[in-house]
Amino acid sequence: MRVVKTFYIETFGCQMNVHDSEKVIGTLIAQGYSQVATPEEAELVFYNTCSIRDKAEQKVFSRLQQFKKEHGRGKTFAVLGCVAQQEGEKIFAKAPHVSLVCGSASYNQLPEMLVQLETGNRRVTGLSLDTEDTFDTPLTRRDNPHRAYITIIEGCDKSCAYCVVPFTRGPERSRTSASVISEARKLASAGYSEIQLLGQNVNSYRDPSPAGWDFTTLLANVGRTPGIRRVRFTTSHPRDFVQGIIDAIDENLALCNHVHLPVQSGSTRVLEAMQRLYTRDDYMRRIDWMKKARRDIAITTDVIVGFPGETEADFEATLALLDAVEYDSIFSFKYSRRPNTPALALGDQVPEEEKGRRLTILQERQRAIQVRRNATYLGRVEECLVEGFNKATGQWIGRTSQNKTLNFIRPTADPVDNLLGTYVEVRVTRTGPNSLAGESVH
Ligand code: SAM
Ligand code: SF4
């Protein structure tokens, strides 16, 4: 019997996937495996996959194709995550050199699956979505030394017409508030100062323990963890987003003044077809709460263009919404047809070329908004968490509470002074559409 001992993992997709990979790595290390930096060096090669859009899914199959020839040399390939869950055993037919296919709802069974692989089983699967468990690992191998993710809720109970997530990540499962708070405390004592709470829809968090906390209570309590200076959360669903979240942000400076609130479309007609469960007016009411907050809350969003049946007037309504909200930044996508989703049955598809045209117009409009928005920061002093140093420009890379990148120089400091992971006050001296630049204040 040959025992596989080295592994390589590549992660595609969202922060949930990035954090899942951190937990998978922790699980593998606890089982005696060691991580290597390239697939060439590894005996076991993992791809943690994303299927949110067709392009993301294709990337995984092209990666598998690339390494097909390696199989003969004794490598074992494993496909994890959303493509694994969506395609299931079909992956073995498409890529016969794959030996393990496992969706995120089955990660708790990874240790047993690894044993099966080690004993020579070449078709191991973990594809059940029928679980009430969350993936809690004793060891999580975290990539960033200052910012740590904590999953508070897995899966999604919404059924947005375009989205594969309910099919790939299963039903909603919240972790107990006690386990979240205990993880936050451990992270603080390990030196992390920023925590990001994760979930497909964090607002529908429901503590399964008798304490019964809702998301607002959990957020406020994580924000009171000694040693934690910044708390972020993503993603919020507008339907479940409540005023209490804004009040909590107003009351505690440790809660970052940034909210990511995906709108998807500015047209109530399209929102209805998307089964988003809110109207444009409902959404704008939430924006109004944020604009009336005491703190200056940065607002970001996700937009889909070219959903089936989206007319020019619907698209114009989305552009008008960008102007009305003045987002700090947006993620924008062309609608992509996904397997199993209700939108597949809708007629009136928007041609690819037209989707491309709308996306370009949308991004240009948003760029102009960001130029204007960021220009208002000129002269302001912002606190930054220092995340890196750019040798080419001699600038430190900082991030503000509002999640803006603020590159800065430190005129009087010793150049070898290590600022990484510290908090520095920076005066903004230049602004652009995607970042700010400045000088540290002494
Ligand atoms: N749960 C979050 C939410 O409700 O917004 C995030 C879901 S998804 C990981 C992130 C974004 O991908 C969505 O907000 C949406 O804009 C985009 N997206 C999801 N499905 C898509 C599709 N079929 N085509 C294009 N964009 C899509
Ligand atoms: Fe997908 Fe909608 Fe759930 Fe977000 S809320 S993960 S877009 S189904």
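Treat the numbers as computed from the prediction; the structure is a model and nothing was measured.

1. A few points about the sheet that holds strand β2 (residues 34–35)
Spatially, 6 strands are ordered β2-β1-β3-β4-β5-β6 in an open sheet, and the strand pairing comes out parallel. Every other strand in the sheet has two partners, leaving β2 and β6 (124–126) as the edge strands with one partner each. Here strand β4 (residues 76–80) pairs with strand β5 (residues 98–102) via 4 bridges, running parallel. Each residue of the ladder has a partner; that of F77, found in β5, is V98.

2. What to know about the site of ligand 1
Residues in contact with ligand 1 amount to 15 residues; listed here are only the nearest, Y162, Q200, Q264, D302 and S336. One nitrogen or oxygen atom from the main chain of Q200 is found 2.7 Å from a nitrogen atom belonging to ligand 1. Between ligand 1 and Q264 there is a distance of 2.7 Å, counted from an oxygen atom to a side-chain nitrogen or oxygen. Every element with two or more residues in the shell around ligand 1 is listed here: β13 (298–305) and β14 (329–334). Its residues assigned to classes, the shell around ligand 1 comprises 6 nonpolar, 4 polar and 5 charged.

3. Some thoughts on the side chain of S174
Tracing the backbone shows S174 in strand β9 (residues 173–174). Polar side-chain contacts of S174 include one of 3.1 Å to the backbone nitrogen of R206. Setting aside residues up to four positions removed in sequence, S174 forms contacts with T134, I152, I153, S204, Y205, R206 and P208.

4. Considerations on empty space enclosed by the protein
Under the defined criterion, the tally for this structure stands at 1 cavity of 30 Å³ or more. As for the largest cavity, its lining consists of M16, S104, E154, G155, R169 and R173. Grouping the amino acids of the lining of the largest cavity by side-chain chemistry returns 1 nonpolar, 2 polar and 3 charged.

5. Comments concerning the site of ligand 2
What surrounds ligand 2 is the set C156, K158, C160, Y162, C163, V165, P166, Q200, H237 and R276. Taken together, the residues of the shell around ligand 2 sort by class into 6 nonpolar, 2 polar and 2 charged.

Each value, and the rule that gives it
Here the residue numbers are simple positions, counted from 1 along each chain's written sequence. For naming, the first written chain is A and the first written ligand is 1, with later ones following in the order written. Owing to the predicted nature of the model, reporting of local features is limited to residues with pLDDT of at least 70; listing and counting of side-chain atom pairs is limited to 80 or more, with chain, interface and lining totals taken over all residues. Excluding hydrogens and water, the side-chain values take into account all heavy atoms of the structure. Only strands that DSSP links by at least two bridges are regarded as paired with each other. Comment: elements are numbered from the N terminus, with helices defined as DSSP H or I runs of at least four residues and strands as E runs of at least two. Throughout, the term near means that a residue has one or more heavy atoms lying within 4 Å of the molecule or strand in question. Counting of polar contacts relies on pairs of N or O atoms within 3.5 Å, with two restrictions inside protein: one atom must be capable of donating a hydrogen and the other of accepting it, and residues adjacent in sequence are counted only when both atoms are side-chain atoms. Residue classes follow a fixed rule: Ala, Val, Leu, Ile, Met, Phe, Trp, Tyr, Cys and Pro count as nonpolar, while Asp, Glu, Lys and Arg count as charged, and any other residue, Gly among them, counts as polar. Note on contacts: a residue pair is in contact if any heavy atoms of the two residues lie within 4.5 Å. Space inside and on the surface of the protein is sampled on a 1 Å grid over the protein atoms alone, with a cavity defined as a set of points where a 1.4 Å probe fits but cannot get out and a pocket as an open set with protein on both sides within 12 Å along at least 5 of 7 lines; lining residues have an atom within 4 Å of a point. Grid points are joined across faces, edges and corners, and a volume is the space filled by probe spheres set on the points.

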